[in-house]
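Summary of structural features
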Amino acid sequence: MAETLENLLIEERTFPPSADFAAQANAREGVHTQAEASWLDFWRTQALERIDWFAEPTQVLNDENPPFFKWFEDGELNLSYNCLDRHLTEHGDQVAYHWVGEPGDTLTITYRDLYNRVCQFANALVGLGVKKGDRIAIYMGMVPELPVAMLACARIGAVHSVVFGGFSSDSLADRILDADARVVITQDGSWRAGNVVPLKENTDVALKRCPEVSSVVVVKRTGNQIDMAEGRDHWWHDLVEGQPTELAPARLGAEHPLYILYTSGTTGSPKGIVHTQAGYLTSVVTTHSYVFDLKPDDDIYWCAADIGWVTGHSYIVYGPLANRATSVMYEGAPNHPDLDRLWSIVAEYRVTIFYTAPTAIRAFMKWGDEYPARHDMSSLRVLGTVGEPINPEAWMWYHEHIGGEHCPIVDTWWQTETGAIMITSLPGVVTTKPGSATFPFPGISADVVDDDGNSVPLGGGGYLVINRPWPSMARTIHGDPDRYVDTYWSRFPGRYFPGDGCKRDEEGYYWLLGRVDDIMLVSGHNISTTEVESALVSHSAVAEAAVVGRKDEITGQAIAAFVTLRGTHRGDSRLIGELRSHVRQVIGPIASPKSIVFTPDLPKTRSGKIMRRLLKDISEQRQLGDVTTLANADVVQHIAEMASVGDED
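Residues numbered from 1 in each chain as written. Predicted model: local features only at pLDDT ≥ 70, side-chain atom pairs only at ≥ 80, totals over all residues. Heavy atoms only, no water.

**Remarks on the overall build of the chain**
Looking only at helices and strands, one finds 22 helices and 33 strands in the chain. Computed over C-alpha atoms, the radius of gyration of the chain comes to 24 Å, within 12% of the 26 Å expected from 2.2 N^0.38 for 649 residues, which places it in the range of a compact globule. C-alpha atoms of the chain, sized along the principal axes, occupy 70 × 60 × 50 Å. The buried share among the 649 residues of the chain stands at 62%. Just so you have it, the chain exposes about 23300 Å², and 47% of that area is on carbon and sulfur atoms. (Helix = DSSP H or I, 4+ residues; strand = E, 2+ residues; numbered from the N terminus. Rg over C-alpha atoms; globule rule 2.2 N^0.38 Å. Buried < 20%, exposed > 50% of the residue type's maximum accessible area, 1.4 Å probe, protein only. Areas by Shrake-Rupley, 256 points an atom, 1.4 Å probe, with all protein chains shown as cover.)

Dropping the structure here:
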């Protein structure tokens, strides 16, 4: 096979640490070495220095029953206390969140404001009979009451299960039933792209299958007309009115469950991932501080994710608040009322750290360079990406048009199951390469192995594995420990297998290739969908591309590409030929797509993940799977119609 796109970019483009980060580079350049020399001591130090304990732990790791590892087991703490109480004496007036509503309303919430709101709602939950260990489902949009609800649960030791507001009533019901939640917190509706998402209506439909739910708490947000069930449903504002603004935080054991978060279901049925207290907090505060070079007194930090996903849990709520960050939180769509909405917020609040998904970056590229150019974004100093491998071309656009060619980009790899960032560069410390997540975070041991579990030499590819436990690792799958073992620990015994393919270059840099089920086998050759997508997106006419492997009688699998175009480019037979030739040149003839379908958009969840399984269904002319989680379900029918006449070799 011809030299891959990644290797071409390795040779042509590397970005040494910026001189702006010289001070921290000198202070941190040895952190990887120190952590590897004694990884348990590294995590012990982070836990003791970054967390306030009610009872400090005497043991770091209990590995007597792998893979059910326990961290800081005899310690006692409270995450709400660590996110709020300990900041109040000196920093109670510091802004915790600059919240921006989609219609244009805003709210500035200080740490003391947030503390008062959390205590009031925690008292309200106690008044509803909620006890330590009870599960609470939270089905909301990006409003301030969402982190308040999570922190209130953490304060009293209840276990929250946030259900992304884009999920259907059936998906909500499935999660309520699996978690055995008895309380649901929701809204009359949430704003999205100028429309109201009927969250309470969806909840009412879901609860027809969930008779054990005794209480529903409803935030009034949109004024959407809703039904309120007598005795079961309560308005949030009525419950908190008159509640005390103080409530002592519960003393919780380090391994007490903090939350259950269900995977999105893009690869198999949803799994209820369980995270606990101390290990999770240790990893998120440490990674948030190191990866983003956070300066709590100076930075304005914005993670533009949704709290319904793990990125929001770790890097909008628990990590930033425990680190005393000032964050921006935005309610709505990035293209409403115009395509520069995010950049206007960056400029208005002088955001210094911005963290988003490659899917969003590719959308920004498609919309046009002129939208970020409208705004002064010189305040930005660190950029981050999360959610999937980033195409090198998208990386470069982000670097040039958002970062002004001076911001380091931290490309982070991690999962719901890992709880915190696992592979990433550190700004000011690591030379970056567009498309590479660089190296494992200090204290994390990773490898790339072959089918037999043998380490692949540098320059080769295989399966990503994590060699040893880490503090924020998932403890189990709720109600199904056997599935936890089978899914993550059976493929390579003794090592965690996240299900991702990976390459390492000759310098040891990690290049994530996406899910193993996104690896295509074409005429006996393993080809990554990410490689082909990167090649397509590197063409000047292409804004975004998704690639799947479909059954083929001759080659086993054939490559089917779905492409959105930039600006005024026209999708015609000439361009199809040009794109095929481009892929052949970048990767090799074996990677040339057999079919190319032009489409104005790709099917995506509202968290920004491309639903490749739907594209595979379309390519293989199967009945489509569930589309209720999509942000743009209408595009699926269009793609299906276009695919029926898609170009073939």
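**With respect to the nonpolar core**
Core analysis: the largest hydrophobic core is formed by 116 residues, its most contacted members being Leu114, Phe121, Ile185, Phe292 and Tyr318. Among the nonpolar cores identified, the runner-up in size contains 28 residues, and Val346, Leu380, Tyr398 and Cys407 belong to it. (Core = buried A, V, L, I, M, F, W, Y, C linked by side-chain atoms within 4.5 Å.)

**Concerning the sheet that holds strand 23 (residues 446-449)**
Across a sheet, strands are paired by hydrogen bonds formed along the backbone, either parallel or antiparallel in direction. Strand order across the open sheet formed by four strands is 23-24-26-27, with antiparallel pairing between neighbours. With partners counted over all chains shown, the strands left at the sheet margins are strand 23 and strand 27 (510-515), one partner each. Sheet twist, expressed as the average angle between the axes of neighbouring strands with direction ignored, equals 40 degrees. Judged from the four bridges that link them, strand 26 (residues 500-504) and strand 27 form a sheet pairing that is antiparallel. Within the sheet, the bridge partner assigned to Arg504 lies in strand 27 and is Tyr510. (Pairing = 2+ DSSP bridges. Axes fitted to C-alpha atoms, helices over the stretch in contact; angles between N-to-C directions.)

**Structural notes on the pairing of strand 30 (residues 542-552)**
If a strand is regular, its side chains alternate between the two faces of the sheet. Burial within strand 30 is extensive, with ten of its eleven residues counted as buried. When strand 30 meets strand 31 (residues 556-565), the two strands line up antiparallel, connected through ten bridges. Residue Asp552 lies in a different strand from strand 31, and its bridge partner there is Gly556. Counted between consecutive antiparallel strands, the loop separating strand 30 from strand 31 contains three residues.

**Focus on the environment of Pro372**
Within the secondary structure, Pro372 is located in helix 16 (residues 370-373). Under the relative-accessibility criterion, Pro372 is labelled buried at 3%. Considered as a pair, Pro372 and Ala305 are 67 residues apart in the sequence and their alpha carbons are 19 Å apart. Setting aside residues no more than four positions away along its own chain, Pro372 makes contact with Trp343, Met377, Trp397, His401 and Ile402. (Contact = heavy atoms within 4.5 Å.)

**Here's the deal with the sheet that holds strand 17 (residues 326-330)**
Spatially, the seven strands line up as an open sheet ordered 5-4-17-16-18-19-20, and their pairing is mixed. Only two strands of the sheet have a single neighbouring strand rather than two, namely strand 5 (106-110) and strand 20 (409-411). Neighbour to neighbour, the strand axes of the sheet diverge by 15 degrees on average, direction disregarded. As paired elements, strand 18 (residues 353-356) and strand 19 (residues 382-385) share four bridges and run parallel to each other. Bridging from a neighbouring strand, Ile353 pairs with Val382 of strand 19. Across the sheet, helix 14 (residues 341-349) touches strand 4 (95-100), strand 5, strand 16 (300-303), strand 17 and strand 18, and the angle it forms with strand 17 is around 150 degrees. On the sheet, helix 17 (residues 392-402) packs against strand 18, strand 19 and strand 20 and is oriented at approximately 155 degrees with respect to strand 19.

**What about the packing of helix 4 (residues 39-50) against helix 12 (residues 278-291)?**
Two quantities define a packed helix pair, namely the angle between the axes and the distance from one axis to the other. Remark: helix 4 packs on helix 12, axes separated minimally by 9 Å, with the N-to-C direction vectors making an angle of 90 degrees. Classed by the angle they form, the pair helix 4 and helix 12 counts as roughly perpendicular. Across the interface between the two elements, Phe42, Trp43, Gln46, Ala47 and Arg50 from helix 4 touch Thr282, Ser283, Val285, Thr286, Ser289 and Tyr290 from helix 12. For the contact of helix 4 with helix 12, the class distribution of residues is five nonpolar, five polar and one charged. (Parallel < 35°, antiparallel > 145°, perpendicular 65-115°, else oblique. Nonpolar A, V, L, I, M, F, W, Y, C, P; charged D, E, K, R; others polar.)

**Details of helix 21 (residues 612-619)**
By the criterion of burial, helix 21 is predominantly enclosed, with six of the eight residues buried. Backbone geometry just after helix 21 places Gln621 at a positive phi near 55 degrees.

**Let's talk about the side chain of His87**
Within the element layout of this structure, His87 appears in the loop between helix 5 (79-83) and helix 6 (88-91). For His87, a relative accessible area of 7% translates into the label buried. His87 has contacts with Asn82, Gly92, Tyr111, Leu321, Ala322 and Arg324, leaving out every residue within four places of it along the chain.

**Points about unusual backbone geometry**
Going from Pro66 to Pro67, the amide bond is cis rather than trans, its omega being 5 degrees. By secondary structure assignment, the location of Pro67 is in the loop between strand 1 (61-62) and strand 2 (70-71). With an omega of 5 degrees, the peptide bond between His336 and Pro337 qualifies as cis. Inspection of the secondary structure puts Pro337 in the loop between strand 17 and helix 14.

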